[in-house]
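Analysis of the macromolecular model
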Amino acid sequence: MTLLPNPFIATLYMTGIGVIRYFSQYQAVSGQVSIDFVIRLITSCFVGLIILFVVAYFVKKTTSLIKDLEHLSLTDNLTAVYNRRYFELYADNYLVDSSLSNKPLCLLVFDIDHFKAINDTFGHNAGDLILQKLTQAVQMTIRKTDMFIRMGGEEFALLMPNTTLKDGIKLAEKIRIKIAHSTFHYKDRLIPVTISTGVTQFTDESLDELMYKADIALYEAKKSGRNRVSTFQYNPHDF
């Protein structure tokens, strides 16, 4: 990437053309060019070039800083995955694409079983370590096209485009088994970790309604004993 963005290169080029034309006209009219004029001309061009580079540098740095700040505002600082704000801003795009392309889409939400007890027993540093290792394990299992989100605390969401409910359940089980069979150590102490998961399929409802369905399924997984995957079953009393 060059230091000077294209608009500045164009400005520099036009300035150079203007100087050459002015120089030529001055010589044609006067018939001679004084040393003093040449020095002033060179000095002005040199100062202008410095100003141009300084402005270009700060424009580039400011643009980069804005991008970095935007990335930080949309990323969870502990696990480095996207956060709830990112989900709220961009998840609707997945839903719209699913509706327009008539392709299936699944949402699963899961949280860590008895996470408060883990923090109380082993400390919050242990809890943070578990969140980080669990996130890495999930990222190794999902596709690049899936939207993986830390919703807050120990709760995560996974939005899976072009995925049927059957395939969503398979992936949810794969993640559940992988976490249950993983080893989480903190200060030479083994910490057993399991997750409960709710899965639902998108059926042209709003994002809030889709999340509500997944939360109901998650609640059923917890109520049924935890460390399991449950799917949304329609019940008119839930709405």
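Scroll up to find the structure this text is about.
To keep things clear, this report deals only with the structure shown in the data block. Given the structure is predicted, the values throughout are model-derived calculations rather than measurements.

Moving on, we get to helix α6 (residues 165-181). With 17 residues, α6 should cover 24 Å at 1.5 Å per step; its first-to-last C-alpha distance of 24 Å lies within 8% of that length. Listed in full, the buried residues belonging to α6 are Gly168, Leu171, Ala172, Ile175, Arg176 and Ile179. In an axial view of α6, the angular spread of the buried residues amounts to 135°, which keeps them on one side of the axis. Along α6, the residues that are exposed and aim more than 90 degrees away from the buried face are Lys166, Lys170, Lys174 and His181.

The next point concerns the environment of Val81. With respect to the secondary-structure elements, Val81 resides in the loop between α2 (35-73) and β1 (82-83). Beyond its immediate sequence surroundings of up to four residues, Val81 is in contact with Leu74, Thr75, Asp76, Thr135, Gln139, Phe148, Ile149 and Arg150.

Moving on, we come to the packing of aromatic side chains. Under the definition given, this model contains five aromatic pairs. Measuring from centroid to centroid gives 6.5 Å for Phe110 and Phe148, while their planes differ by 20°, and the two rings are stacked. Of this pair, Phe110 sits in strand β2 (residues 105-112) while Phe148 sits in strand β3 (residues 147-152), and the two are 38 residues apart along the sequence. Neither residue differs from the other here; Phe110 and Phe148 are each classed as buried. Between the aromatic rings of Phe110 and Phe156, the centroid separation amounts to 5.3 Å while the plane-to-plane angle is 15°, which identifies the pairing as stacked. Here Phe156 lies in strand β4 (residues 155-161) and Phe110 lies in strand β2, a separation of 46 residues in the sequence.

Although it is not a glycine, Lys187 adopts a positive phi angle of roughly 50°. Here Lys187 shows up in the loop between β5 (184-186) and β6 (189-191). Within the chain, Asn227 stands out as a residue other than glycine whose phi angle is a positive 50°. What makes Asn227 partly exposed here is its relative accessible area of 28%.

Taken as a whole, helix α4 (residues 115-122) has its buried residues at Phe115, Ile118 and Asn119. End-on, the buried residues of α4 take up no more than an arc of 95°, which puts them together on one face. Of the exposed residues in α4, the ones pointing more than 90 degrees away from its buried face are Lys116 and Asp120. Buried residues in α4 make contact with β2, α5 (124-139) and β6. One or two residues past the end of α4 sits Gly123, with phi positive at roughly 100°.

Ranked by size, the top nonpolar core spans 29 residues in total, and within it Ile112, Leu134, Ile179 and Val193 carry the most contacts. Of all elements in the fold, only β2, α4, α5, β4, α6, β5 and β7 (195-201) reach the threshold of two or more residues within this core. Among the elements that line this core, the one with the most residues is α5, at six residues. Not counting residues up to four positions away in its chain, the partners in contact with Val193 are Ile112, Ile118, Ile130, Leu134, Ile179, Ala180 and Phe184. Formed by 19 residues, the second largest nonpolar core is a distinct cluster that contains Leu105, Ala157, Leu159 and Leu218.

Reading the values: the criteria
- Residues numbered from 1 in each chain as written.
- Predicted model: local features only at pLDDT ≥ 70, side-chain atom pairs only at ≥ 80, totals over all residues.
- Heavy atoms only, no water.
- Helix = DSSP H or I, 4+ residues; strand = E, 2+ residues; numbered from the N terminus.
- Expected span 1.5 Å × (residues − 1).
- Buried < 20%, exposed > 50% of the residue type's maximum accessible area, 1.4 Å probe, protein only.
- Arc of directions from axis to C-beta.
- Contact = heavy atoms within 4.5 Å.
- Phe/Tyr/Trp six-rings, centres within 6.5 Å; stacked < 30°, edge-to-face > 60°.
- Core = buried A, V, L, I, M, F, W, Y, C linked by side-chain atoms within 4.5 Å.

As far as function goes, none of this settles anything; it's purely spatial.
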